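Coordinate analysis (summary)
Letter by letter, the chains look like this.
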Amino acid sequence: WRSTMSLVEIDPATGQGCLCTAGRGSSFLITTNGFRPLATSGPLLATQPDAVFSVERFTLEPRDVLLMFSPLPAKIIQQSAHEFNELLRTAHGLL
């Protein structure tokens, strides 16, 4: 049994945000200039009492999209990376 959880905090006034993930999730920041993955993997939730988690900081500009999904779609995406890259390019083109 494995647990994944993400915590996101975004200041709506400034667009400043931070993301912390326990376990394996996948996140991308899609902007009008392109897209980039956010490094968000960490120790599994509630498995290590002294676990240290990293925080990814980002800024959302108007029309930017924060795309997050669970490990299962992430595994599917790894198996079909070309199709996923096309999806991100399409999403970027819609901004």
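Remember, it's a predicted structure, so these values are computed and weren't measured experimentally.

With that out of the way, let us pick up the confidence of the model for the protein. It should be kept in mind that the predicted coordinates are not to be read in detail where pLDDT is low. Predicted confidence across the protein gives a mean pLDDT of 79, with 78% of residues reaching 70 or more. Here helix 1 (residues 71-79) stands out as the element of the protein with the lowest mean pLDDT, 59, in contrast to strand 5 (residues 56-59), whose mean of 93 is the highest.

What follows concerns the sheet that holds strand 3 (residues 26-31). Pairing in this open sheet of 3 strands is antiparallel, and the strands run 4-3-6 from one edge to the other. In this open sheet, the two edge strands, each paired with only one partner strand, are strand 4 (34-38) and strand 6 (65-69). Pairs of neighbouring strands in the sheet enclose a mean axial angle of 20 degrees, with direction left out of account. Note that strand 3 and strand 4 share 5 bridges and pair antiparallel. Pairing of F28 across the sheet is with P37, part of strand 4.

Mapped onto the elements of the fold, E56 is located in strand 5. At 3.2 Å, the side chain of E56 and the side chain of R36 are in polar contact. In contact with E56, not counting residues within four places along its chain, are G17, C18, L19, R36, L38 and A39.

In sheet architecture, strand pairing relies on hydrogen bonds along the backbone and comes in two forms, parallel and antiparallel. Across the sheet, 3 strands lie side by side as 1-2-5; this open sheet has antiparallel pairing. At either margin of the open sheet sits one strand with a lone partner, and together these are strand 1 (5-10) and strand 5. Between one strand axis and the next, the sheet turns through 20 degrees on average, direction left out of account. Bridge analysis of strand 1 against strand 2 (residues 16-22) gives 6 bridges, and the strand direction is antiparallel. In the sheet register, V8 faces strand 2, and the bridge partner there is L19.

By the definition in use, this model includes 1 salt bridge. For the salt bridge of R36 with E56, the shortest nitrogen-to-oxygen distance reads 3.2 Å. On the criterion of sequence distance, the pair formed by R36 in strand 4 and E56 in strand 5 is long-range, its members being 20 residues apart. According to the relative accessible area criterion, R36 is partly exposed, its value standing at 34%. A relative accessible area of 15% places E56 in the buried class.

Calculation criteria
- Residues numbered from 1 in each chain as written.
- Predicted model: local features only at pLDDT ≥ 70, side-chain atom pairs only at ≥ 80, totals over all residues.
- Heavy atoms only, no water.
- pLDDT = per-residue confidence, 0-100.
- Helix = DSSP H or I, 4+ residues; strand = E, 2+ residues; numbered from the N terminus.
- Pairing = 2+ DSSP bridges.
- Axes fitted to C-alpha atoms, helices over the stretch in contact; angles between N-to-C directions.
- Polar contact = N/O pair within 3.5 Å; in protein donor to acceptor, adjacent residues only side chain to side chain.
- Contact = heavy atoms within 4.5 Å.
- Salt bridge = Lys/Arg side-chain N within 4 Å of Asp/Glu carboxyl O.
- Buried < 20%, exposed > 50% of the residue type's maximum accessible area, 1.4 Å probe, protein only.

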